[in-house]
Amino acid sequence: MYDATEQINAVQRQVGSRILEAGEARVSTISQTYQTTVEDLWDACTNAERIPRWFLPISGDLRLHGTYQLQGNAHGTIESCEPPHRFTATWEYGDEVSWIEVRLTPVDTERTRFELEHIAHVDQDRWAQFGPGAVGVGWDLGLLGLASYLAGDGSGITPEQSAEWSASDEGRRAMELSSQLWGEASIAAGTDADEAKAAAERTTAFYTGTPAA
């Protein structure tokens with residue numbers, strides 16, 4: 001049976017900042033090493049036929065300067081593309097624009113490290129309320145889907161199963177753990193521990209539908 005808790009614990013998380021032309025931006029970084037080649041992982045992350053098998057249905061022109069639309073979620077423009085190692089794109093949702101950078105690095109001939117940075121200008125009040133987990137838990141669920149898909153043994157959680165799984169006790173525990181670990185990453189980045197823990201509790205409540213303490 002697939003162990004989602006083990007998967008959440010296998011992910012590395014880091015919180016930081018970056019100065020852009022429009023001012024300081026928050027940077028949430030998530031990474032994991034997968035048992036596959038860099039070419040295969042690149043294809044899984046950029047092929048419109050494979051992306052829906054672990055993430056969301058996608059449409060558009062998936063090449064440099066092309067645009068994409070994730071069904072029911074973000075859209076954007078592919079700003080750089082260096083196969084099979086790196087691409088960057090805007091991440092546009094509602095009236096907000098942020099950016100993602102995906103980097104793939106071979107560990108050896110059979111393992112590849114996936115790293116994603118989400119770079120966003122975040123209102124200070126919203127950051128204080130939810131912290132990095134607001135986007136981080138969502139990316140954790142994405143990496144859970146990718147790990148399930150790459151396992152290839154049918155034991156993981158497919159996109160078709162994700163809604164039911166998220167409402168299950170196991171799903172809620174996994175999202176709570178993800179939120180907690182993003183809170184720890186925020187503390188490591190210098191956030192006051194009590195503030196980071198309170199933000200993580202509010203993020204958990206948002207994702208699981210349970211009241212914050």
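A few points on the structure. Please read these numbers as outputs of a predicted model, since none were measured by experiment.

Mapped onto the elements of the fold, Thr-90 is located in strand 6 (residues 86-93). With a relative accessible area of 6%, Thr-90 lands in the buried category. One polar contact links the side chain of Thr-90 to the main-chain amide nitrogen of Thr-77, over a distance of 2.8 Å. Looking at Thr-90, its side chain comes within polar contact range of the side chain of Glu-92, at 2.8 Å. Residues contacting Thr-90, with those up to four places away along its chain left out, are Tyr-68, His-75, Gly-76, Thr-77, Glu-79, Val-97, Ser-98 and Trp-99.

Turning our eyes to something else, we now look at the nonpolar core. The biggest cluster of nonpolar side chains holds 42 residues, and the ones touching the most others in it are Phe-114 and Leu-146. Those residues in contact with Leu-146 that sit more than four places away from it in its chain are Tyr-34, Leu-41, Ala-44, Cys-45, Trp-54 and Phe-114.

Counted by the stated rule, this structure contains eight aromatic pairs. Relative to Trp-91, the ring of Tyr-68 has its centre 6.5 Å away and its plane inclined at 40 degrees; by these criteria the two rings are tilted. With a gap of 23 residues between them, Tyr-68 in strand 4 (residues 67-70) and Trp-91 in strand 6 connect regions that are remote in the sequence. Linked through ring pairs, Trp-54, Phe-55, Tyr-68, Trp-91 and Trp-139 together constitute an aromatic cluster.

Moving on to the sheet that holds strand 6. Pairing within the open sheet is antiparallel, and its eight strands lie in the order 1-2-8-7-6-5-4-3. Strand pairing shows two members of the sheet lacking a second neighbour, strand 1 (12-20) and strand 3 (58-60), which therefore form its edges. Going across the sheet, the axis of each strand differs from the next one's by a mean of 25 degrees, ignoring polarity. As paired elements, strand 5 (residues 75-82) and strand 6 share five bridges and run antiparallel to each other. Across the sheet, Glu-82 pairs through a bridge with Arg-86, a residue of strand 6.

Conventions and cut-offs
Residues numbered from 1 in each chain as written. Predicted model: local features only at pLDDT ≥ 70, side-chain atom pairs only at ≥ 80, totals over all residues. Heavy atoms only, no water. Helix = DSSP H or I, 4+ residues; strand = E, 2+ residues; numbered from the N terminus. Buried < 20%, exposed > 50% of the residue type's maximum accessible area, 1.4 Å probe, protein only. Polar contact = N/O pair within 3.5 Å; in protein donor to acceptor, adjacent residues only side chain to side chain. Contact = heavy atoms within 4.5 Å. Core = buried A, V, L, I, M, F, W, Y, C linked by side-chain atoms within 4.5 Å. Phe/Tyr/Trp six-rings, centres within 6.5 Å; stacked < 30°, edge-to-face > 60°. Pairing = 2+ DSSP bridges. Axes fitted to C-alpha atoms, helices over the stretch in contact; angles between N-to-C directions.

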